[in-house]
Amino acid sequence: MEYLIGIQGQDFVLVAADNIAANSIIQMKQDQDKMFKLSDKILLLCVGEAGDTVQFAEYIQKNIQLYKMRNGYELSPKAAANFTRKNLADYLRSRTPYHVNLLLAGFDETDGPGLYYMDHLSALAKAPFAAHGYGAYLTLSILDRYYRPDLTRDEAVDLLKKCIEELNKRFILNLPSFSVRLIDKEGIHDLEKLMPVGAK
Amino acid sequence: GDHCVGIRGTDIVVLGVEKKSVAKLQEERTVRKICALDDHVCMAFAGLTADARIVINRARVECQSHRLTVEDPVTVEYITRHIATLKQRYTQSNGRRPFGISALIVGFDYDGTPRLYQTDPSGTYHAWKANAIGRSAKTVREFLEKNYTDEAIATDNEAIKLAIKALLEVVQSGGKNIDLAVIRRNQPLKVTSPKSLVV
């Protein structure tokens, strides 16, 4: 039901998430923000089991901040992704696993932009583009076809729009709005919400 | 321990510490007496550095834990109370020795009020407008009692100057050995030497 997508460019990462919070067949909230700011240049997008998502994401968020306080500098995106994966993996074989699917997007001074795909079985993969949810089945092929590593910011947003138009056309569920954010060396920028129009 | 002064201004809080001169071969960076506990709170201490590291770590964890459970940053009083309670527990039970540090904790509460608190090994804490801890704390405090006026803290720069002047009463070698930490309302902590801050 929920959808996450990330696209990495030369010097930025573009991410988007849908805004619906649902309970069974009812839309409880249409402006839910599924992105968590881990630090000035890292975002964690988190979907999955209700409750687990916020609990896990906030736990990681506070631990990343604690690292900053203790050491005087922030964790790199790669380190943050691996830290998250380890936590997820440790909880996986406990009585209380977290059932969450994640995208971690960040910008590192030395390594540049990075997008990390993580799933509820604690798999971690660095990828140029990634998506979570049923919508991924419909949009990964579009990304395969049109993605280039040297996308500009505008081209990446256009590619994102293509994906969302496809969801609007072929996905059984109505996802009326998507939060969009971009991370580059200046930090995290909020872009305009995408709201696909047209008859379904 | 070494000298340490704290001033509560109207829009700024200042901590000044004496930077002990290090041995020729020692790397200066490893001796840090002013520590951030969170984005909006910091503390300086006088006493056993090793004990301070433990207290500071517990405070940092508590700052994040508080944010996680109640979704709000700690108030300066809350984290001071937490540190003080920790210190008191080590005076009463389990046969442990008390933490050998006094601390000055400064910051801004969520509503924008500046705060300065002092704790000591017994676990008591009090709020202050300006205070000093360390070897000649009495001398510095007397200086502050004479010179802490509304005009003296009227602007940010004046408050910083007062902190430096108070430290210069007891610090031997002059301005080179002073570390300053400054928090302005809604701005992160800045740790610097006096030259770069005061006009």
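One can find the structure itself at the top, above this paragraph.
Residues numbered from 1 in each chain as written. Chains lettered and ligands numbered in written order. Predicted model: local features only at pLDDT ≥ 70, side-chain atom pairs only at ≥ 80, totals over all residues. Heavy atoms only, no water.

A. Structural view of the overall build of chain A. A tally of regular secondary structure across chain A gives 4 helices and 12 strands. For 200 residues, the compact-globule estimate of 2.2 N^0.38 gives 16 Å, and the C-alpha radius of gyration of chain A, at 16 Å, lies within 12% of that figure. The C-alpha extent of chain A, read off along each of the three principal axes, is 55 × 40 × 25 Å. Long-range pairs, those at least 24 residues apart, make up 61% of the contacts in chain A between residues at least 6 apart in sequence. Summed over its atoms, the accessible surface of chain A is roughly 10300 Å², and 50% of this surface lies on carbon and sulfur atoms. (Helix = DSSP H or I, 4+ residues; strand = E, 2+ residues; numbered from the N terminus. Rg over C-alpha atoms; globule rule 2.2 N^0.38 Å. Contact = heavy atoms within 4.5 Å. Areas by Shrake-Rupley, 256 points an atom, 1.4 Å probe, with all protein chains shown as cover.)

B. Summary view of the interface of chain B and chain A. Contact residues are listed per partner, giving 11 residues for chain B and 8 residues for chain A. When the buried surface of chain B facing chain A is broken down by residue, R60, Q64 and L68 of chain B rank first, second and third, together holding 56% of it. One can count 1 salt bridge joining chain B with chain A. Going through the elements one at a time, β3 (34-38) and α1 (49-70) of chain B are the ones with two or more residues in the side of chain B that touches chain A. Here the element with the most residues in the side of chain B that touches chain A is α1 of chain B; it accounts for 6 residues. Looking at the side of chain B that touches chain A residue by residue, the class counts come to 4 nonpolar, 2 polar and 5 charged. (Buried area = accessible area lost by both parts, 1.4 Å probe. Salt bridge = Lys/Arg side-chain N within 4 Å of Asp/Glu carboxyl O. Nonpolar A, V, L, I, M, F, W, Y, C, P; charged D, E, K, R; others polar.)

C. Examining the pattern of salt bridges more closely. Applying the stated criterion across every chain, the model contains 27 salt bridges over all chains. Its salt-bridge partner being R67 of chain B, residue D38 of chain B comes within 3.0 Å of it at the nearest N-O pair. Of this pair, D38 of chain B sits in strand β3 while R67 of chain B sits in helix α1, and the two are 29 residues apart along the sequence. Overall, D38 of chain B belongs to the buried group, its relative accessible area being 2%. In this structure R67 of chain B comes out as partly exposed when scored by relative accessible area, which is 23%. Where salt bridges share partners, they join E2, D18 and K34 of chain A into one cluster. (Buried < 20%, exposed > 50% of the residue type's maximum accessible area, 1.4 Å probe, protein only.)

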